[in-house]
Amino acid sequence: MALLLCLGMTAALARGCLHCHSNFSDKFSFYRHHVNLKSWWVGDIPVSGALLTDWSQDTMKELHLAIPAEITEEKLDQVANAVYQRMDQLYQGKMYFPGYFPNELRAIFRDQVHLIQNAIIESRIDCQRHCGIFRYETISCINCTNSHVVCFGYNCESSAQWERAVQGLLGYISRWHKTTPAFLISPSFTCLEPPHLANLTLENASECLTHH
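What counts as what
- Residues numbered from 1 in each chain as written.
- Predicted model: local features only at pLDDT ≥ 70, side-chain atom pairs only at ≥ 80, totals over all residues.
- Heavy atoms only, no water.
- Helix = DSSP H or I, 4+ residues; strand = E, 2+ residues; numbered from the N terminus.
- Buried < 20%, exposed > 50% of the residue type's maximum accessible area, 1.4 Å probe, protein only.
- Contact = heavy atoms within 4.5 Å.
- Disulfide = S-S within 2.5 Å.
- Core = buried A, V, L, I, M, F, W, Y, C linked by side-chain atoms within 4.5 Å.
- Expected span 1.5 Å × (residues − 1).
- Arc of directions from axis to C-beta.
- Phe/Tyr/Trp six-rings, centres within 6.5 Å; stacked < 30°, edge-to-face > 60°.
- Patch = residues over 30% accessible without salt bridge, like charges linked within 9 Å, V, L, I, M, F, W, Y side chains within 5 Å.
- Areas by Shrake-Rupley, 256 points an atom, 1.4 Å probe, with all protein chains shown as cover.
- Salt bridge = Lys/Arg side-chain N within 4 Å of Asp/Glu carboxyl O.
- Pairing = 2+ DSSP bridges.

A.B. asks: Mind showing me how you'd approach the overall build of the chain here?
C.D. replies: Each helix and strand counted, the chain has 7 helices and 4 strands in total. Going residue by residue from the N terminus, the α and β elements of the chain occur as β-α-α-α-β-α-α-β-β-α-α. Within the chain, buried positions represent 41% of all 212 residues. For the chain, contacts bridging at least 24 residues in sequence account for 73% of all contacts bridging at least 6.

A.B. asks: Is there a simple way to think about the state of the cysteines in this case?
C.D. replies: The term disulfide refers to a covalent linkage connecting the sulfur atoms of a pair of cysteines. Counted according to the given criterion, the structure contains 3 disulfides. Covalent S-S linkage joins C20 and C144, the inter-sulfur distance amounting to 2.3 Å. The chirality of the disulfide connecting C20 with C144 is left-handed, given an S-S dihedral of about -80°. Of this pair, C20 sits in the loop between β1 (5-7) and α1 (24-33) while C144 sits in the loop between β3 (131-140) and β4 (146-154); the two residues are 124 residues apart in sequence, bridging distant segments of the chain. Assessed through its relative accessible area of 29%, C144 is described here as partly exposed. Each sulfur of the disulfide joining C131 and C156 lies 2.0 Å from the other. Its torsion about the S-S bond being 90°, the disulfide of C131 and C156 is classed as right-handed. With C131 in strand β3 and C156 in the loop between β4 and α6 (159-179), this pair connects stretches of sequence that are 25 residues apart.

A.B. asks: I would appreciate a short explanation of the nonpolar core in the present structure.
C.D. replies: Side chains that are nonpolar tend, in soluble globular proteins, to be buried together. Counting residues in each nonpolar core, the largest one holds 32 residues, and the members touching the most others are L18, F28, L52, W55 and M87. If near-sequence neighbours (up to four positions away) are discounted, M87 is found in contact with F28, Y31, L52, W55, L105 and I108. Ranked by size, the runner-up nonpolar core spans 9 residues in total, among them F152, V166, L169 and I173.

A.B. asks: For this particular structure, what's the right way to read helix α4 (residues 73-92)?
C.D. replies: Here α4 is 20 residues long and its end C-alpha atoms lie 28 Å apart, about the 28 Å a rise of 1.5 Å per residue gives. Within the span of α4, buried status applies to K75, L76, V79, A80, V83, Y84, M87, L90 and Y91. Angular distribution of buried residues about the axis of α4 spans 160°; they occupy a single face of the element. Seen from the buried face of α4, the exposed residues on the opposite side, beyond 90 degrees, are E74 and Q92. At its buried positions, α4 is contacted by α1, α2 (44-53), α3 (55-63), β2 (70-71), α5 (100-126) and β3.

A.B. asks: Would you mind showing me how to read the packing of aromatic side chains here?
C.D. replies: A ring pair, where both rings are aromatic, is described by two values, the distance of the centres and the angle of the planes. Counted according to the given criterion, the structure contains 14 aromatic pairs. Ring pairing ties together the aromatic residues F24, F28, F30, Y31, W55, Y91, Y96, Y100, F101 and F109, which thus form one cluster.

A.B. asks: Mind showing me how you'd approach a nonpolar patch on the surface here?
C.D. replies: On the surface, L37, W40, M95 and F97 cluster together into a nonpolar patch covering about 500 Å² of accessible area. Its location among the elements puts L37 in the loop between α1 and α2. Residue classification places L37 among the partly exposed positions, given a relative accessible area of 46%.

A.B. asks: Explanation requested: the environment of I108 in the structure shown.
C.D. replies: You can see I108 is positioned in helix α5. On the accessibility criterion, I108 (3% relative accessible area) is buried. Each C-alpha atom of the pair I108 and M87 lies 7.6 Å from the other, and the pair is 21 residues apart in sequence. Discounting residues that sit within four places of it in the chain, I108 has contacts with W55, V83, R86, M87 and L90.

A.B. asks: It is not clear to me how the pattern of salt bridges should be interpreted in this structure. Could you clarify?
C.D. replies: In a structure, side chains of opposite charge can pair up when their charged atoms sit close to one another. The tally for this structure, following the rule as stated, stands at 5 salt bridges. The residue D88 makes a salt bridge to K27 at a minimum N-O spacing of 2.9 Å. A residue pair is termed long-range when its members are at least 10 positions apart, and D88 in helix α4 and K27 in helix α1 qualify at 61 residues. On the basis of relative accessibility, which here comes to 26%, the residue K27 falls in the partly exposed class.

A.B. asks: Which parts of the structure should I look at to understand the pairing of β4?
C.D. replies: In terms of residue burial, β4 counts as a mostly covered element, since 7 of its 9 residues are buried. Across 9 bridges, β3 lies against β4 in antiparallel orientation. Note on β4: the bridge partner recorded for I139 is N146. What sits between β3 and β4 in their antiparallel hairpin is a turn of 5 residues, with C144 showing a positive phi close to 65°.

Structure below.
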């Protein structure tokens, strides 16, 4: 069983992810300014405008992630391009019948949320393909700054490689403790300390890590 330990990260409420993309402002500015041309029914205009205005804020409300909203630049590009493509196609049409346009916006919004969820989770799962401490670069959805995720992969091919991975984990935890306020420090991983490494199994280590 492959498990993933994410280290040194805390969940945070963010405004959304798509707004971090370089084309977001231009694209959504166009969408908002042209929304009044897309429906025969005047009631659709304020509803659609609100959906577009609150897009980023509502995205994070719907993500419901137990891990921080940190997305790689590559996956952000993929999500953004998929959203822009569908939005551009929607805007290419003439005026729609009442209710159609806001319903289509909601559908694109829901699909975008799922794409972002999958993108963030897939990057974390990819960590299991590594052995030991692994770091990958991301963009923080909180403030769109460059960030990174540090995680621990279990895909070790030998007991020696596994022992080095665990030693690297202990070293990382030790360094993290020295730079982290006492109230944020997790309990010590006594089950991974040197006296226990000789008979350490993947199952035992997984149980140890998931209980701290």
